[in-house]
Amino acid sequence: LKPISKIASRVQASTTLVIDSMFKDMKANGIDVVGFGAGEPDFPTPEHIKQAGILAIENNKTKYTPASGLLELKKAACYRMREDYGLEYRPEQIVVASGAKHVVFLSLMVLCDPGDEVVIAAPYWVSYSEMVQQAGAIPVIVAAGQDQHFKITADQLEAAITPKTKAFMLNSPSNPTGMVYTKEELQAIADVCIKHNLYVIADDIYSNLVYDDLEYCSIASLGEEINRRCIVINGVSKSYAMTGWRIGYAAASPEIARAMSNYVSHSTSAPSTISQYAAIEALNGPQEDIEYMRKAFQARRDHLVERMNKIEGVSCIKPQGAFYVMMDMHSFIGKEMYGQKINDDNDFAKLFLEKGLVATVPCTAFAAPGFIRWSYATSMQEIDKGLDRLEEFIKNA
Ligand code: PLP
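Treat the numbers as computed from the prediction; the structure is a model and nothing was measured.

1. Things to note about the overall build of the chain
Turning to step 1, where the next piece is worked out: Counting its secondary structure elements, the chain contains 14 helices and 14 strands.
Turning to step 2, where the next piece is worked out: By the compact-globule yardstick of 21 Å for 397 residues, the chain fits well, its C-alpha radius of gyration being 21 Å.
Turning to step 3, where the next piece is worked out: With respect to the principal axes defined by its C-alpha atoms, the chain has extents near 60 × 55 × 55 Å.
Turning to step 4, where the next piece is worked out: Buried positions account for 50% of the 397 residues belonging to the chain.
Turning to step 5, where the next piece is worked out: Partitioning the contacts of the chain with sequence separation of at least 6, the portion at a separation of at least 24 is 73%.

2. Here we look at the site of the ligand
Turning to step 1, where the next piece is worked out: Around the ligand, a shell composed of 13 residues is seen, among which Gly-99, Ala-100, Lys-101, Asn-175 and Ser-237 lie nearest.
Turning to step 2, where the next piece is worked out: Broken down by class, the residue content of the shell around the ligand amounts to 3 nonpolar, 8 polar and 2 charged.

3. Let's talk about the pairing of strand 8 (residues 248–251)
Turning to step 1, where the next piece is worked out: Because side chains alternate across strand 8, one face comprises the buried residues Gly-248 and Ala-250, and the other comprises Tyr-249 and Ala-251, equally buried.
Turning to step 2, where the next piece is worked out: In terms of strand pairing, strand 2 (residues 94–97) meets strand 8 through 4 bridges, oriented antiparallel. For Val-96, the partnering residue across the bridge sits in strand 8 and is Tyr-249.
Turning to step 3, where the next piece is worked out: As paired strands, strand 7 (residues 230–235) and strand 8 are joined by 4 bridges and run antiparallel to one another. Bridge pairing links Gly-235 to Gly-248 in strand 8.

4. Re the domain arrangement of the chain
Turning to step 1, where the next piece is worked out: Each assigned domain of the chain is listed here: domain 1 (6–44 + 289–395) and domain 2 (64–285).
Turning to step 2, where the next piece is worked out: Distance between the C-alpha centres of domain 1 and domain 2: 26 Å.
Turning to step 3, where the next piece is worked out: At the level of elements, helix 1 (6–10), helix 12 (288–308) and strand 9 (324–328) are the ones that each hand at least two residues to the side of domain 1 that touches domain 2.
Turning to step 4, where the next piece is worked out: Among the elements that take part in the side of domain 1 that touches domain 2, helix 12 stands out by supplying 6 residues, more than any other.
Turning to step 5, where the next piece is worked out: Partitioning the side of domain 1 that touches domain 2 into residue classes produces 20 nonpolar, 7 polar and 6 charged.

5. Some words on unusual backbone geometry
Turning to step 1, where the next piece is worked out: For the bond from Ala-122 to Pro-123, the omega torsion is 5°, close enough to zero to count as cis.
Turning to step 2, where the next piece is worked out: The omega torsion across Ser-172 and Pro-173 is -10°, close enough to zero to call that bond cis.
Turning to step 3, where the next piece is worked out: Phi angles above zero are rare outside glycine, and Phe-150 is one such case at about 60°.
Turning to step 4, where the next piece is worked out: Positioned with a positive phi, Asp-212 is a non-glycine residue whose angle comes to about 60°.
Turning to step 5, where the next piece is worked out: Classification of Asp-212 by C-beta neighbours within 10 Å gives exposed; the count is 10.

6. Section: helix 10 (residues 254–265)
What sets the pattern is the α-helix's 3.6 residues per turn: residues three or four places apart point alike.
Turning to step 1, where the next piece is worked out: Here helix 10 is 12 residues long and its end C-alpha atoms lie 16 Å apart, about the 16 Å a rise of 1.5 Å per residue gives.
Turning to step 2, where the next piece is worked out: Considered for burial, the residues of helix 10 that qualify are Ile-256, Ala-257, Met-260, Ser-261, Tyr-263 and Val-264. Viewed along the axis of helix 10, the buried residues span an arc of 155°, placing them on a single side of the element. Across from the buried face of helix 10, at angles greater than 90 degrees, the exposed residues are Pro-254 and Glu-255.
Turning to step 3, where the next piece is worked out: Elements in contact with the buried residues of helix 10: strand 2, helix 5 (100–111), strand 7 and strand 8.

7. Quick look at the packing of helix 5 against helix 6 (residues 127–134)
For any two helices packed against each other, the geometry is given by the interaxial angle and the distance between the axes.
Turning to step 1, where the next piece is worked out: Where helix 5 meets helix 6, the closest approach of the two axes is 9 Å, and the angle between their N-to-C directions is 40°. One finds that helix 5 runs oblique with respect to helix 6. For the element pair helix 5 and helix 6, the recorded crossing hand is right-handed. Contacts between helix 5 and helix 6 involve Lys-101, Val-104, Phe-105 and Leu-108 on the former and, on the latter, Ser-127, Met-131 and Val-132.
Turning to step 2, where the next piece is worked out: Its residues assigned to classes, the contact of helix 5 with helix 6 shows 5 nonpolar, 1 polar and 1 charged.

Rules used in this analysis
Residues numbered from 1 in each chain as written. Predicted model: local features only at pLDDT ≥ 70, side-chain atom pairs only at ≥ 80, totals over all residues. Helix = DSSP H or I, 4+ residues; strand = E, 2+ residues; numbered from the N terminus. Rg over C-alpha atoms; globule rule 2.2 N^0.38 Å. Buried ≥ 20, exposed ≤ 12 C-beta atoms within 10 Å, placed from the backbone. Contact = placed C-beta atoms within 7 Å. Near = placed C-beta within 6 Å. Nonpolar A, V, L, I, M, F, W, Y, C, P; charged D, E, K, R; others polar. Pairing = 2+ DSSP bridges. Domains from an automatic or database assignment. Expected span 1.5 Å × (residues − 1). Arc of directions from axis to C-beta. Axes fitted to C-alpha atoms, helices over the stretch in contact; angles between N-to-C directions. Parallel < 35°, antiparallel > 145°, perpendicular 65-115°, else oblique. Left-handed = near helix turned anticlockwise from the far one by under 90°.

Take a look at the structure:
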C-alpha cells in the first residue's frame, strides 16, 4: 500500500493519552484511582439547558441547519459577547461549529498556507501545535517560565516573528497554566500583531472562569485595528458544563467567517441541531448556574493551592482562571523514587499513577517540562483524597 499522507503521519498521538488509558484500565479493573486529568466540569449540564435540548427533539428540530449554525444561536453569541466582554459582532461574523476545538482547527485551515508560521504562546494546550501542522503550517513555540507567571511578553513575541509568520495563538485564561493576561499585557501584544500584520487566534474558551474579581479582557476589545485581525473563539463546553454537546463558535471578519463556513459545509455540514438549541438557551437564559460553578471552582482552587504548597518537594503558583494548577516537581528530577530514576515529569506522573493511584497530566507535552497539571474540575473530597495520596507517595518514596 502507498503510505498515508505526510501531514497525517506527522500528527502525534497525545502523550497524555498514555496516562489516561492507564487510568481507565486501572479503574476498569476495580482499582480505586483518583483522576485529575479531565479538562471538563464535573457538574451536570444545567436543567433548563437540558430541557431546551429535549424540547428541540420533541418539536422535531432534528434536521440540518445552515453550515455555520442557526441565526438565533449566532445572535445569542453576539449578545453574550457584547454583555460579557464589550465585543460588538454581527451574526454574519459568527461561525458555530462542533466544539471550540473544531473552531480552532477551522481558523487555522482558513488562515494558513503550507510553510506559514504560527506563533504559539507556551505553555500551551497540546492540540494547538498538532492543529497548526495539520493545516500544513509550522508551529513556532515561544515559552514563558513560572518566573514570568507562564505569560510571554510582547518582546518575546516580536523576537519570534519572521516574514513567514501568519498568526499568533493566545489562550487566556490558559489551559494548562490558569494564568490570565492583563489588559496592559494584551495591549502590548496587540501592538506587535498590528505592527507585523498578524492574525490573532484568541481562544477565550475559559473567559467566564476567572477568579478573585479579576477583570477579564479580550484582546479583540482593544480597538478596531486589532479586532479585525482577531478570530475570537468561545463556546459552551466549559462555562455551561456542556462538553458533550459539542458547540463552539468563532467571531471574525465576515470574509474569514464565510471561509470557515465553506469548510464546515464540505466536512461536517453543520453542528448538531439539537445541541444548537440547547446552546441558545445556555447563552440567552439565566446565568446563575455559571456563577455557582465559578464560585465552586474558586473555592476548590484555593484549597488545592494552599494544601499543595504545604507538601514537601512540590509547589505551585496560584492560577487566576480556568480549572488547572501547574505543580512544580523539579526537585524530584534526577532522584530515585520507588527504585526508579525520575528523569522528567512523564516519569513522575506515571509513577504517581502506579504507586500513588492518582492520575495527573505531565506538562512536557504542553512545552512545560518539570510540571504536572492537576485539573480541579472535581469535588473537594476527591481533591483532598488526591493530596493525601500525594503526601503519602512522596513520604514513602
Ligand atoms: N481550547 C482550550 C484551551 C481547551 O482547553 C479546550 C478543551 O479542553 C478547548 C479549546 C476545546 O473545547 P471544546 O470542548 O468546546 O471543543
